[in-house]
Amino acid sequence: MDTCDKCGKPQIIINRKQSGQMLCQDCFIKFIQEKVLKDIRRQKLIKKGDKVLVALSGGKDSVMVLHILNSLRNRRIIDLVAVTIDEGISGYREDGVRIAAQNAEALGIKHRIISFKECVGRTLDEIMVDSDDRNACTYCGVFRRWILNQVAREEGATKIATGHNLDDETQSILMNYLEGNIHNLTRIGVQSESMYEGFTVKIKPLREIPEKEIATYVLATDLPVHLAGCPYAGDSFRAKIGTFLKEISKEHPTIMYSTLRGFDKIKPVIKEKFSQKGSMDICQECGEPSAGKICKACSFRLSWNHE
Amino acid sequence: MQVTVIIGEDEKKLDVNEGKTVKNLLQMLEIPVETVVVKKNQSIIIEEEPVEDGDIIEVIKVIYGG
Ligand SMILES: [Zn+2]
Ligand SMILES: [Zn+2]
C-alpha cells in the first residue's frame, strides 16, 4: 500500500508524477500553501504594505488565491479587497457570484460585485446576441481588464492578483508560439510590468501550480467553489491546446514546467527585440490608458451606439 | 462485485470485475482522468486506488474547456 512521503500515513490523495511525490491530505495542503507563499517571496510578487485586489470569480483558482493571500493578511503583511465581475451570463454566472460572496464573507474581506450591465451598459449575453464575428472571450477579457483597472485605482490597490495557473500559462505560451504572436509573448509573465501610469501591476501567485492540484486543494480544504464550465468557452483554440497539453502531460509529467521555464529564460531576449515601446495615450472617452486615441473597451461601446 | 458511482446529480450501480482500479473504472466510463478528482467513500483518492465491492465512488468534474 502507498504511504505519504512526508509523514508515512497510508491514505494518500495525490501522486505528483512530476516529482514522484505521494502525499496525504494534510501534507498536500501544507505543501501547496508553502509552495505558493514561497513562489510569492522568490518572485517578489508582494511586499509588505501592499493592498492586493483579488479578482474573485468564485471558481477554484481565484478562491484558492483569496484564501492563501488571506494568510498574509492575517499576519498583517498586506490588505485585501475582493472584486467579482458579473459578466451577465444567464444560468451560469449567478452561482459563481454567490459563492465568491460567500468566501469573502467567511474571511471578513471587503467584497465588491460589479456588473458589465452597470459598467458597460450590456450584459455579455446581450453583447453576444448582436455579435457575429468575435468570440465572447474577446469582449469578456477586454471589459474585465478595463473594469478591474478602474476599480483597483478606486480602491487604492497596489496589486491585482488573478488565479492563472500552470495550465493557463503554458496554454498562452504555446498558443502565441503557434500563432506567431511574438508581441503577445512579450506580455506573458508572473508579474505585469507597470510600464505606463494608470495600470496596476498584475500578479499570478498560482502560475506554477497545475490546474488539477488546485482542484484537489479546494476539495481537500472543503472550500466553496463554483465548479462549472463557462457556456461561451466552447471549442476554442485555447481549449484544443489545453487538451493537447493535458494529454501529453500524462506521458511527460514535467512538460508544462519545462515549457514555462524555457519561456521564462528566452523572454528577456524576445522582449528586448519585439517589445513595442510605443507611447501610451489616454483614451479620449474614458481616460483609461490606451494604445490609441480610443481604448478597446470604448471602441466596442461606441460601436453599439451607432447600431 | 458492485460499486456505486456518483457523477454530478447522477447516481448508478455498476458491476465491476475484481482487481480494477479507479483509473480502469474511469476508462470504462470514458471519463478523462485528468479532468476529474475522485472520492472513494468520501475521501479523495488517487487513480491507482483499487476499487472494492460496495465502494461509493464520486467523480467530480473539475476541469472544463481543455
Ligand atoms: Zn502526510
Ligand atoms: Zn476608453
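So, here is what we can say about the structure in this document. Here the structure is a predicted model, which means the values were calculated and not measured.

What about the interface of chain B and chain A?
No. 1: The interface of chain B with chain A comprises 17 residues on the first partner and 25 residues on the second.
No. 2: A buried area of about 1700 Å², summed over both sides, lies between chain B and chain A, and 64% of it is on carbon and sulfur atoms.
No. 3: By the criterion of area lost to chain A, the three top residues of chain B are B:Glu34, B:Ile44 and B:Ile46, representing 34% of everything that side buries.
No. 4: On the surface where chain B and chain A come into contact, there are five residue pairs in polar contact (both at pLDDT 80 or more).
No. 5: Those elements that place two or more of their residues in the side of chain B that touches chain A are strand E3 (36-40), strand E4 (43-45) and strand E5 (56-61) of chain B.
No. 6: Take the side of chain B that touches chain A: its biggest share by element is three residues, from E4(B).

Examining the coordination of the zinc ion (ligand 1)
Residues and elements named next belong to chain A.
No. 1: The protein atoms donating to the zinc ion (ligand 1) are Cys4 (SG), Cys7 (SG), Cys24 (SG) and Cys27 (SG), with metal-donor distances spanning 2.3 Å.
No. 2: Angles of 104 to 115° at the metal separate the four donor atoms of the zinc ion (ligand 1), which places the site in the tetrahedral class.
No. 3: Between consecutive donors of the zinc ion (ligand 1), the numbers of intervening residues give the motif C-x2-C-x16-C-x2-C. Taken as a pair, Cys7 in the segment before strand E1 (12-16) and Cys24 in strand E2 (residues 21-24) lie far apart in primary sequence, 17 residues in all.

Side note on a nonpolar patch on the surface
No. 1: Side chains of A:Tyr177, A:Leu178, A:Phe237 and A:Ile266 sit close together on the surface and give an oily, nonpolar patch of about 360 Å² of accessible area.
No. 2: Looking at the element boundaries, A:Leu178 is found in helix H7 (residues 166-179).

Let's talk about the coordination of the zinc ion (ligand 2)
Residue and element names in this part refer to chain A.
No. 1: Protein-derived ligands of the zinc ion (ligand 2) are Cys283 (SG), Cys286 (SG), Cys295 (SG) and Cys298 (SG), with the metal-ligand distances lying across 2.2 to 2.4 Å.
No. 2: The coordination sphere of the zinc ion (ligand 2) comprises four donor atoms, whose angles at the metal cover 104 to 113°; the geometry is tetrahedral.
No. 3: Of note, the zinc ion (ligand 2) draws all its donor residues from one chain, in the sequence arrangement C-x2-C-x8-C-x2-C. Of the two residues, Cys295 and Cys298, both sit in the buried class.

Re the nonpolar core
Residues and elements named next belong to chain A.
No. 1: Counting residues in each nonpolar core, the largest one holds 53 residues, and the members touching the most others are Ile46, Val54, Met64, Leu69 and Tyr217.
No. 2: At eight residues, helix H1 (residues 25-42) tops the list of elements feeding residues into this core.
No. 3: Beyond its immediate sequence surroundings of up to four residues, Tyr217 is in contact with Phe28, Ile29, Ile32, Gln33, Met64, Ile68 and Leu223.
No. 4: Judged by nonpolar contacts, the second largest core, of 31 residues, contains Ala55, Ile89, Ala136 and Trp304.

Examining the pairing of strand E5 (residues 110-115) of chain A
No. 1: Both strand E4 (residues 79-86) of chain A and E5(A) contribute to a ladder of six bridges, which runs parallel. By the bridge assignment for E5(A), A:Ala82 is matched with A:His111.

Considerations on unusual backbone geometry
Residue and element names in this part refer to chain A.
No. 1: Phi at Lys44 takes a positive value of approximately 50°, unusual for a residue other than glycine.
No. 2: Structurally, Lys44 is set in the loop between H1 and strand E3 (51-55).
No. 3: Backbone geometry places Arg76, a non-glycine residue, at a positive phi of 60°.

A few points about the pattern of salt bridges
Residues and elements named next belong to chain A.
No. 1: Inspection of every chain in the model, using the stated rule, returns 35 salt bridges over all chains.
No. 2: Close ionic contact of Arg93 with Glu87 constitutes a salt bridge, the shortest N to O distance being 2.5 Å. Glu87 matches Arg93 in its accessibility class, with the two residues each being buried.
No. 3: Taken together, the shared-partner salt bridges connect Lys35, Asp39, Arg42, Glu208 and Arg261 into one network.

Overview of the layout of surface pockets
No. 1: Of the pockets and cavities examined, the second largest pocket occupies roughly 790 Å³.
No. 2: Lining the second largest pocket are 37 residues, and of these A:Asn15, A:Lys17, A:Lys212, B:Glu34 and B:Glu47 lie nearest its centre.

Here we look at the pairing of E3(A)
Residues and elements named next belong to chain A.
No. 1: For E3, the buried fraction is high: five of the five residues fall into the buried class.
No. 2: Here E3 shows two buried faces, one formed by Lys51, Leu53 and Ala55 and the other by Val52 and Val54.
No. 3: Here five bridges tie E3 to E4, and the two strands are oriented parallel to one another. Note that in E4 the partner of Val52 across the bridge is Leu80.
No. 4: The parallel pair E3 and E4 is bridged by helix H2 (residues 60-74), and the resulting crossover is right-handed.
No. 5: As paired strands, E3 and strand E6 (residues 159-161) are joined by three bridges and run parallel to one another. In the strand pairing of E6, Leu53 is matched with Ile160.

Basis of the calculations
- For every chain, the first residue of the written sequence is number 1, and numbering continues from 1 along that sequence.
- Each chain gets a letter, beginning with A, and each ligand a number, beginning with 1, in the order they are written.
- Where local features are concerned, this predicted model is filtered to residues with pLDDT of at least 70; where side-chain atom pairs are given and counted, the filter is 80 or more; whole-chain, interface and lining totals use all residues.
- Where side-chain values are given, they derive from all heavy atoms of the structure, hydrogens and water being excluded.
- Whether two residues are in contact is decided by their heavy atoms: any pair within 4.5 Å suffices.
- Take the accessible area each of two parts loses on contact, using a 1.4 Å probe, and add the two losses: that sum is the buried area.
- Definition of a polar contact: a pair of N or O atoms within 3.5 Å, with one able to donate and the other able to accept a hydrogen when the atoms are protein atoms, and with sequence-neighbouring residues admitted only if both atoms are side-chain atoms.
- For the purposes of this entry, the term helix denotes a DSSP run of H or I that reaches at least four residues, the term strand denotes a run of E that reaches at least two, and both are numbered from the N terminus.
- Only nitrogen, oxygen and sulfur atoms qualify as donors, provided they sit within 2.8 Å of the metal or within 3.2 Å for Na, K and Ca; with water excluded from the atoms, sites may seem incomplete.
- Any coordination sphere not matching a tetrahedral pattern (four donors, all angles between 85 and 135 degrees) or a square planar or octahedral pattern (four or six donors, opposite donors over 155 degrees apart, other angles between 65 and 115) is reported as irregular.
- Residues qualify for a patch when their relative accessible area is over 30% and they have no salt bridge, like charges being joined within 9 Å and the nonpolar side chains of Val, Leu, Ile, Met, Phe, Trp and Tyr within 5 Å.
- Values of accessible area rely on a 1.4 Å probe in the Shrake-Rupley scheme; residue burial ignores everything except the protein chains shown.
- We define a salt bridge as a contact between a side-chain nitrogen of Lys or Arg and a carboxyl oxygen of Asp or Glu at a distance within 4 Å.
- Accessibility here uses a 1.4 Å probe with only protein chains present; expressed as a share of the type maximum, an area under 20% marks a residue as buried, one over 50% as exposed, and anything in between as partly exposed.
- Only buried residues count toward a nonpolar core, which is a set of Ala, Val, Leu, Ile, Met, Phe, Trp, Tyr and Cys residues joined through side-chain atoms within 4.5 Å.
- Two strands pair under a simple rule: DSSP has to find at least two bridges between them.
- The rule is simple: put a 1 Å grid over the protein atoms alone, call a set of points where a 1.4 Å probe fits but cannot get out a cavity, call an open set with protein on both sides within 12 Å along at least five of seven lines a pocket, and count a residue as lining if it has an atom within 4 Å of a point.
- Grid points are joined across faces, edges and corners, and a volume is the space filled by probe spheres set on the points.
- With the strands aimed away from the viewer, a crossover counts as right-handed if its path from the first strand over the helix to the second runs clockwise.

Any functional reading would require information that these geometric values do not contain.
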